[in-house]
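Structural overview for review
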Amino acid sequence: MSQEWKVICSVDDIPVLGSRVVQRKDQPNVAVFRNTEDKVFALLDRCPHKGGPLSQGIVFGERVACPLHNWSIELQSGCAVAPDEGCTQSFRVKVEHGLVHLDLNELAMPAAPLTNTACAGEAAAA
């Protein structure tokens, strides 16, 4: 499957240590985050714990704290930081010439069911 990229916004449209929400038809939203180093990440806007809106959380380093129960979620992988377990879907991001792009095919795919099981990366590291 070839990659097609969709321009979402400019990097400057995302607040530093904040997020911007990308709405999808009939699917949960995607949250696009920016940290202090201007790194950009995209996650399903749903905490793996209770489905809290990660876009309303506080970004620190390369993590976001869920606003409901303060779970820390890795922005790169979408995995909860131990001792919490679970993972939310992450999306590929490309930044070119100050514009943020998301993979159009990933945006079109249905969201994975909400689960509190360990991420693939966590299982491999254990």
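It should be emphasised that the depicted structure is a prediction, and the values quoted were computed from it without experimental measurement. (Residues numbered from 1 in each chain as written. Predicted model: local features only at pLDDT ≥ 70, side-chain atom pairs only at ≥ 80, totals over all residues. Heavy atoms only, no water.)

Before going further, it helps to spend a moment on the overall build of the protein chain. A count of helices and strands for the protein chain gives two helices and 10 strands. Going from the N terminus to the C terminus, the protein chain shows its helices and strands as β-β-β-β-β-β-β-β-β-β-α-α. A separation threshold of at least 6 residues defines the contact pool for the protein chain, and within that pool the share at least 24 residues apart is 48%. Approximately 6800 Å² of the protein chain is accessible, and the part contributed by carbon and sulfur atoms is 51%. (Helix = DSSP H or I, 4+ residues; strand = E, 2+ residues; numbered from the N terminus. Contact = heavy atoms within 4.5 Å. Areas by Shrake-Rupley, 256 points an atom, 1.4 Å probe, with all protein chains shown as cover.)

To continue, consider the sheet that holds strand β5 (residues 58-60). One open sheet holds the three strands; their spatial order is β5-β6-β7, and the pairing between them is antiparallel. The sheet terminates laterally at β5 and β7 (72-74), the two strands that pair on one side only. Averaged over all adjacent pairs, the angle separating strand axes in this sheet is 30°, with direction ignored. In this structure, strand β6 (residues 63-65) lies alongside β7, joined through three bridges in antiparallel fashion. Bridge pairing in β7 places Val 64 opposite Ile 73. (Pairing = 2+ DSSP bridges. Axes fitted to C-alpha atoms, helices over the stretch in contact; angles between N-to-C directions.)

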